[in-house]
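Remarks on the overall topology
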Amino acid sequence: MNYFFSGHVFRRMAERRFSPDEIKSVIENGLVIKEYPDDTPYPSRLILGYSGNRPVHVVSAYNSTDDTEYVITVYEPDALRWTSDFTERRI
């Protein structure tokens, strides 16, 4: 699989102290907690993973035609806005 990290994603990763390898690991081993099948140009999803004890959310989209994972954004979920397991937004 190929990975595409836009300039925006690289800036966010640097600001939030995530490496490309950490993000790849989340995509490959994390838990898909939300799917967005109507997103274009490719369906996307929100994936939960961990970097050590630190929770990580990755939004990415996969294009099976060219076997490329397009990383859209990455962030550490805010404990005040997410349930304790970081899988659901609080109301």
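Rules of the game
Residues numbered from 1 in each chain as written. Predicted model: local features only at pLDDT ≥ 70, side-chain atom pairs only at ≥ 80, totals over all residues. Heavy atoms only, no water. Buried < 20%, exposed > 50% of the residue type's maximum accessible area, 1.4 Å probe, protein only. Helix = DSSP H or I, 4+ residues; strand = E, 2+ residues; numbered from the N terminus. Arc of directions from axis to C-beta. Contact = heavy atoms within 4.5 Å. Pairing = 2+ DSSP bridges. Axes fitted to C-alpha atoms, helices over the stretch in contact; angles between N-to-C directions. pLDDT = per-residue confidence, 0-100. Core = buried A, V, L, I, M, F, W, Y, C linked by side-chain atoms within 4.5 Å.

**Things to note about helix α2 (residues 20-29)**
Among all positions in α2, only Ile 23, Val 26 and Ile 27 are buried. The buried residues of α2 occupy an angular sector of 95° when the element is viewed end-on, so they sit on one face. Residues of α2 that are exposed and point more than 90 degrees away from the buried face comprise Asp 21, Glu 28 and Asn 29. Residues of α2 that are buried in the fold lie against β1 (2-5), α1 (7-15), β3 (44-51), β4 (54-63) and β5 (68-75).

**Comments concerning the sheet that holds β4**
With mixed pairing, the five strands of this open sheet are ordered in space as β1-β5-β4-β3-β2. For this open sheet the edge positions go to β1 and β2 (31-36), each flanked by a neighbour on one side alone. Neighbour-to-neighbour, the strand axes of this sheet turn through a mean angle of 30°, independent of strand direction. By the bridge criterion, eight bridges tie β3 to β4 in an arrangement that is antiparallel. Its bridge partner being in β4, Ser 44 is matched across the sheet by Ala 61. In the packing of α1 onto the sheet, the strands contacted are β1 and β5, and the crossing angle to β5 comes to about 40°.

**What about unusual backbone geometry?**
In most cases, non-glycine residues show a negative phi, while peptide bonds are predominantly trans. Along the chain, Thr 40 connects to Pro 41 via a cis peptide bond; the corresponding omega equals 10°. Its location among the elements puts Pro 41 in the loop between β2 and β3. Phi at Arg 17 is positive, roughly 60°, even though this residue is not glycine. Structurally, Arg 17 can be placed in the loop between α1 and α2. Arg 17 gets classed as exposed once you look at its relative accessible area, which sits at 62%. Phi at Asp 67 takes a positive value of approximately 50°, unusual for a residue other than glycine.

**Quick notes on the confidence of the model for the protein**
On average, residues of the protein score 96 in pLDDT, and 100% of them are at 70 or above. Summarising per-element confidence for the protein, the mean pLDDT is lowest in α1 (93) and highest in β2 (98).

**Describing the nonpolar core**
The nonpolar side chains of a soluble globular protein tend to be buried, and buried together. Of all hydrophobic cores here, the largest spans 13 residues; its most connected members are Phe 5, Met 13, Ile 23, Ile 27, Val 58, Val 71 and Val 74. For this core, the secondary-structure elements that each account for two or more residues are β1, α1, α2, β4 and β5. What Val 74 contacts, discounting residues up to four positions off in sequence, is Arg 12, Met 13, Arg 16, Phe 18, Ile 23, His 57 and Val 58. Residues Ile 33, Leu 48, Trp 82 and Phe 86 belong to the second largest nonpolar core, which totals six residues.

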